[in-house]
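# Per-entry structural report
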Amino acid sequence: MPSTPPSSSTTPGSVAAHARGSYDLVLKGGTVVLPDATVQTDVYVRDGLIAAIGGQADAARTLDCTGLTILPGVIDTQVHFREPGAEENEDLETGSRAAVLGGVTGVFEMPNTRPPTATPDAVAHKLARAKHRMWCDHAFYVGATVDNADQCGELEKLPGTAGIKVFMGSSTGSLLISEDDMLERVLRSGMRRVAIHAEDETRLKERLDYRVEGDPASHPVWRDDETALRATTRALHLARKTGRRVHILHVTTPAELALISAHRDIASCEVTPQHLTLAGEEAYARLGTLAQMNPPIRSGAHRDGLWHWVSQGMPDIIGSDHAPHSLAAKGKPYPASPSGMPGVQTMLPLMLDHVAHNRLSLRRLVDMTSAGPQRLFGLVRKGRIAVGYDADFSIVDLKSRWTIEQSWLASRCGWSPFTGQTLTGRPVGTVIRGHQVMWEGTLAEQALGEPLRFDATDRPQAPR
């Protein structure tokens, strides 16, 4: 429930019918995080766009946001929804349902499916599967392979694509670009920012014996700091050599962030809520293989080091790296157990809790989840509450204290490493292009997600 009672007879989330006026929808009485200020005001929507901020006018529908905070729509730039090929773990419908229940309005979905998203046909197939099934707006990464390395410049231009994704180290799936000459070919083909999973494959192979049967706590020993730092160093060298911008995903070591900070003209980076929240000393003992992911959950000292760099303005954005597997698969003894954990539904709640504990400001959170993704990837009409932008809003109760319960989780995998955790700050509503998609855990009647648009692939639309 909201932290303060509504000031009118309309309860939060109810839609009051009015004679149709100038606007389709007004978000009434909330505290709105604008680009330059946070103020209590009303936001008016027409034809799916933000049409006015402040003032008094009629609208066909009213969404009472008294006592709530209205953020620009949260964009999760790294999710694995497993379709096609592993729908027993997740699919586009269930993953996007989890997203909007967690206050997320848009996602970038990763290419390590079966078959991989590595051709124009594969991209078109995913877009067709998503139509009328995905609850949030969406884009799909194209995976770089030895076969398509020289065509990446054409593949990244496909509508509905977030760009090119490179796996430098083996993870879930078959995509792998482990050699510098091949990575250089990828970087020379195209213009958009390339997203990179930076773990050094040669070192991973050399250190296989560091894995201890039945002990997932040996996972970060095998995939150690040097494995990540070596790959990030190679990626930055080749980015400099080719003049191509890169984006280092799910950074786990302070040393990598220190290195990236010296290359800000060519490199951006991301951290996950998991690496900002969990510490290996506790997580592996409590969660076992449920804490296993790539790159690994590391020590509390690593976690604290990441927070230091957040306070320094690094990294740029937060992505959940939502990567679900069934409990049966995760129940296999390490290292037979797969790496990955769900996270799209818990991303915003976890980060709101960090805001409540003064680890970062609300404005910094907005920059890392809305404005930052728009800025880095050239999203069209997303990422801020401003007239002319899409009417995407993540509506939250900053003071609500609640516990993540199993019944709230929507991912098909059916579990979370954060089940039972009590948090402060809760997603209450998700509005996408003016459509009230979720309110207080209840979804709209149908999924209305559409492909995201990017400067690099967008052709201006004809007048409505």
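Residues numbered from 1 in each chain as written. Predicted model: local features only at pLDDT ≥ 70, side-chain atom pairs only at ≥ 80, totals over all residues. Heavy atoms only, no water.

- The protein carries the name Dihydroorotase in an unreviewed UniProt entry, which gives Acetobacter farinalis as its organism.
- The UniProt entry for the protein carries this comment under Sequence similarities (unreviewed entry): "Belongs to the metallo-dependent hydrolases superfamily. DHOase family. Class I DHOase subfamily." (UniProt positions renumbered as here; feature names shortened; annotations may be inferred.)

## Looking at the overall build of the protein
- Along the protein, the regular secondary structure elements total 14 helices and 18 strands.
- The globule rule puts the C-alpha radius of gyration for 464 residues at 23 Å, and the 21 Å found for the protein is close to it.
- Overall, the C-alpha framework of the protein stretches about 70 × 50 × 40 Å when taken along its three principal axes.
- Each of the 464 residues in the protein was classed as buried or not, and the buried ones make up 61%.
- Excluding contacts between residues fewer than 6 apart, the proportion of contacts in the protein whose partners are at least 24 apart in sequence is 74%.
- For the protein, the exposed surface amounts to about 17300 Å²; the carbon and sulfur share of it is 51%.
- Each charge class in the protein can be summarised by its mean position, and for the 49 positive and 53 negative side chains these summaries are 3 Å apart. (Helix = DSSP H or I, 4+ residues; strand = E, 2+ residues; numbered from the N terminus. Rg over C-alpha atoms; globule rule 2.2 N^0.38 Å. Buried < 20%, exposed > 50% of the residue type's maximum accessible area, 1.4 Å probe, protein only. Contact = heavy atoms within 4.5 Å. Areas by Shrake-Rupley, 256 points an atom, 1.4 Å probe, with all protein chains shown as cover. Lys, Arg positive; Asp, Glu negative; His and termini not counted. Charge placed at Lys NZ, Arg CZ, Asp CG, Glu CD.)

## Some words on the pattern of salt bridges
- A complete count under the given rule lists 33 salt bridges for this structure.
- The salt bridge involving arginine 264 is made with aspartate 316; its shortest N-O contact spans 2.8 Å. With arginine 264 in the loop between helix 8 (254-260) and strand 13 (267-271) and aspartate 316 in the loop between helix 11 (300-311) and strand 14 (317-318), the pair connects residues that are 52 residues apart, well separated along the chain.
- Take arginine 264: its relative accessible area is 33%, and that puts it in the partly exposed class.
- By relative accessible area, aspartate 316 is classed as buried at 12%.
- Through salt bridges with shared partners, a single network forms among Asp137, Arg381, Lys382, Asp390, Asp392, Arg433 and Glu450. (Salt bridge = Lys/Arg side-chain N within 4 Å of Asp/Glu carboxyl O.)

## Looking at the pairing of strand 13
- Across the five residues that make up strand 13, a large majority, five, are buried.
- Here strand 13 shows no split at all, with Ala267, Cys269 and Val271 on one side and Ser268 and Glu270 on the other all buried.
- Here three bridges tie strand 12 (residues 246-248) to strand 13, and the two strands are oriented parallel to one another. Of the residues in strand 13, the one forming a bridge with valine 246 is alanine 267.
- Regarding the hand of the β-α-β motif, the stretch spanning strand 12, helix 8 and strand 13 is right-handed.
- Strand direction decides the pairing type here: strand 13 and strand 14, joined by two bridges, are parallel. Paired with glutamate 270 across the strands is isoleucine 317, a residue of strand 14. (Pairing = 2+ DSSP bridges. Right-handed = clockwise from strand over helix to strand, strands pointing away.)

## A look at empty space enclosed by the protein
- Considering all chains together, one arrives at two cavities of 30 Å³ or more under this definition.
- Lining the second largest cavity, in full, are Ala98, His322, Pro342, Gly343, Val344, Gln345, Thr346, Leu409, Ala410, Ser411, Trp415 and Ser416.
- Of the residues that constitute the lining of the second largest cavity, the class distribution is six nonpolar, six polar and no charged. (1 Å grid on protein atoms, 1.4 Å probe; cavity = no way out; pocket = protein on both sides within 12 Å on 5 of 7 lines; lining within 4 Å. Points joined across faces, edges and corners; volume = space filled by probe spheres on them. Nonpolar A, V, L, I, M, F, W, Y, C, P; charged D, E, K, R; others polar.)

## Let's talk about the side chain of threonine 66
- Structurally, threonine 66 can be placed in the loop between strand 5 (59-64) and strand 6 (69-72).
- Reaching out from threonine 66, the side chain makes a polar contact with the side chain of aspartate 64 at a distance of 2.6 Å. (Polar contact = N/O pair within 3.5 Å; in protein donor to acceptor, adjacent residues only side chain to side chain.)

## Focus: the environment of aspartate 455
- Inspection of the secondary structure puts aspartate 455 in the segment after strand 18 (442-443).
- Judged by relative accessible area, aspartate 455 falls into the exposed class, the value being 55%.
- Separated by 229 residues in sequence, aspartate 455 and glutamate 226 have C-alpha atoms that sit 36 Å apart.
- Apart from residues no more than four positions distant in its own chain, aspartate 455 is found in contact with Gly378 and Val380.

## Considering the pairing of strand 11 (residues 194-197)
- The alternating pattern of strand 11 places Val194 and Ile196 on one face and Ala195 and His197 on the opposite face, and all of these are buried.
- Pairing geometry for strand 10 (residues 161-167) and strand 11, over three bridges, is parallel. Counted as the bridge partner of lysine 165 is alanine 195 from strand 11.
- Here strand 11 runs beside strand 12; their pairing, made up of three bridges, is parallel. From the neighbouring strand, alanine 195 faces strand 12, where its bridge partner is histidine 247.

## Section: the confidence of the model for the protein
- A residue-level look at the protein finds 94% of positions with pLDDT of 70 or above and a mean pLDDT of 94.
- Between residues 1-20, whose pLDDT stays under 50, and residues either more than four places distant or in other chains, the model counts 45 contacts. (pLDDT = per-residue confidence, 0-100.)

## Focus on helix 7 (residues 225-242)
- The terminal C-alpha atoms of helix 7 lie 26 Å apart, and with 18 residues this matches the ideal 26 Å at 1.5 Å per residue to within 8%.
- Where helix 7 is concerned, the buried positions are Thr227, Ala228, Ala231, Thr232, Arg234, Ala235, Leu236, Leu238, Ala239 and Thr242.
- Positioned one or two residues after helix 7, glycine 243 has a phi angle of 70°, which is positive. (Expected span 1.5 Å × (residues − 1).)

## Side note on the nonpolar core
- One finds Val107, Ile164, Val166, Ile196 and Ile248 to be the most contacted residues of the largest nonpolar core, which totals 72 residues.
- In this structure, valine 166 is in contact with Ala144, Ile177, Leu183, Val186, Val194, Ala195, Ile196 and His197, ignoring residues within four places of it in sequence. (Core = buried A, V, L, I, M, F, W, Y, C linked by side-chain atoms within 4.5 Å.)

## What about unusual backbone geometry?
- At the junction of glutamate 83 and proline 84, the peptide bond is cis and its omega measures out at 10° in the coordinates.
- Structurally, the position occupied by proline 84 is in the loop between strand 7 (74-79) and helix 1 (92-101).
- With an omega of -10°, the peptide bond running from asparagine 294 to proline 295 counts as cis.
- Mapped onto the secondary structure, proline 295 falls in the loop between helix 10 (280-287) and helix 11.
- We note that aspartate 47 has phi near 55°; this positive angle belongs to a residue other than glycine.
- Looking at where aspartate 47 falls in the secondary structure, it is placed in the loop between strand 3 (38-46) and strand 4 (49-53).
- Even without a glycine there, the phi angle at arginine 381 is positive, about 60°.
- With respect to the element layout, arginine 381 can be found in the loop between helix 14 (362-377) and strand 15 (393-403).
- By relative accessible area, arginine 381 is classed as partly exposed at 25%.

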